[in-house]
Amino acid sequence: MNKKIGAVWVALAVAVPMLSQAQADEGYPSRAVRFIVPIGPGSSGDTLTRLMAEQFRAVSGQATFVENRPGADLVVGTQNLLGAPADGHSVVLVSNSTMVINPLVIKDLPYKVEDLTPMLDLVRIPAVLVTSPDSRFKTLGDLLDAARKAPGSVSIGVYGNSYRLGALDLARRAGVKFNAIPYKGASQAIADVIGGVADAALTDVGGAAPLIASGKVRGLGVSSGKRHALMPGVPTVQEGGVADYTLFTFIGFAIRAKTPAPIAGKFEALMVRAAADPAFREQVVRISGGEFAGTGREPFSAMIASESVRTRELVKLAGPNFMQ
């Protein structure tokens with residue numbers, strides 16, 4: 001009899017936590033979901049996160065709110081997520097910097113990529129190489145020919161590690177050497193291109209498109225595999241003679257890797273459902289100038305893994321002095 005009673009207690013001890021977990025999963029989200037933006041307000045990433053938070057609220061029926069936690073190339077905001085409970089009620093914006101570049105270039109990075117589970121690949125934003133409308137370089141071929149004839153004579157403005165590595169990759173594939181000039185942001189780089197201080201700049205499509213349309217800069221090549229809808233007259237870099245060249249920054253969202261699988265699965269399903277709304281997709285493309293993805297965990301993780309391999313090769317090529 002005592003053995004039977006003992007067996008019952010063991011069964012209850014196992015079943016009760018499982019039942020509690022199941023009830024918690026069914027009730028997710030049970031409170032407001034926090035969307036962390038590891039960059040400052042007013043950026044396209046901030047705007048897109050606010051749109052995503054509103055979409056998530058609509059499909060989940062639960063309140064959402066956005067917190068900006070900028071600093072240290074997205075590290076501060078990422079750490080903030082990892083300090084929160086692993087219950088699916090906090091999510092952070094992630095990009096190339098978070099998931100690919102920082103682990104390769106920042107010594108003693110205070111997090112591991114494995115601490116995060118990518119949930120939604122939202123959008124991929126290509127770059128465009130621009131020059132002044134008065135520049136002697138009428139095409140990408142002109143610029144590359146000049147760089148071949150006089151290595152280091154052609155200056156290219158770059159900002160952020162993604163574009164620094166992108167310019168390095170372009171030079172490697174084209175067999176040239178550029179004089180890469182680092183800037184703190186796109187506006188200063190573009191201003192120097194227009195003013196003739198820099199020969200060209202590698203910048204994001206969203207910011208460059210209206211400048212190209214107004215004639216303030218000339219687009220030499222876009223880094224996507226096909227021409228961009230916002231600038232159909234600008235050829236791709238591949239059309240300009242650099243085979244297989246692509247460059248994009250991605251924006252997506254991740255949660256803590258320790259989040260229970262049932263909750264993570266429900267969160268992913270809600271995010272993918274939220275992103276499927278046609279009006280939302282149109283807004284994302286219009287704001288970012290990017291190519292909408294809207295895919296979940298598995299394809300997003302596979303893309304990050306592929307980018308990590310490619311970027312690791314570029315960082316090795318850049319050498320030990322490649323610093324943030």
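Summary of the structure given here.

Rules used in this analysis
Just so you know, the residues in each chain are numbered from 1, in the order the chain's sequence is written. Given that the model is predicted, a residue must reach a pLDDT of at least 70 before its local features are reported, and side-chain atom pairs must reach 80 or more before they are shown or counted; all residues, however, enter totals for whole chains, interfaces and linings. As a convention, hydrogens and water are excluded, and side-chain values are obtained from all of the structure's heavy atoms. Here a pair means two rings of Phe, Tyr or Trp (six-membered ring of Trp) with centres within 6.5 Å. Their orientation is stacked below 30 degrees between planes, edge-to-face above 60, and tilted elsewhere. A helix here means a DSSP run of H or I that spans at least four residues, while a strand means a run of E at least two residues long, and both kinds are numbered starting from the N terminus. Only protein chains enter the accessibility calculation, which uses a 1.4 Å probe; a residue whose area is less than 20% of its type maximum is buried, one above 50% is exposed, and one in between is partly exposed. A contact between two residues is defined here by any heavy atoms of the two lying within 4.5 Å.

**Here's the deal with the packing of aromatic side chains**
Point 1. Applying the stated criterion across every chain yields a total of six aromatic pairs.
Point 2. Note on Phe-35 and Phe-253: the rings are 6.1 Å apart at their centroids and 80 degrees apart in plane angle, and the pair reads as edge-to-face. Of this pair, Phe-35 sits in strand β1 (residues 33-37) while Phe-253 sits in strand β9 (residues 248-256), placing them 218 residues apart in sequence.
Point 3. Its relative accessible area of 0% is what places Phe-35 among the buried residues.
Point 4. With a relative accessible area of 0%, Phe-253 lands in the buried category.
Point 5. A centroid spacing of 5.5 Å and a plane angle of 40 degrees characterise the contact between Phe-56 and Phe-267, whose relative ring orientation is tilted. Note that Phe-56 is positioned in helix α2 (residues 44-60) and Phe-267 in helix α9 (residues 261-275), a separation of 211 residues in sequence.
Point 6. Judged by relative accessible area, Phe-56 falls into the buried class, the value being 0%.

**Topic: helix α4 (residues 96-105)**
Point 1. Taken across its 10 residues, α4 has eight buried, putting it largely inside the fold.
Point 2. Buried within α4 we find Asn-96, Ser-97, Thr-98, Met-99, Val-100, Ile-101, Asn-102 and Val-105.
Point 3. On its buried side, α4 packs onto α3 (75-82), β3 (90-95), β4 (116-131), α6 (160-174), β9 and α11 (297-318).

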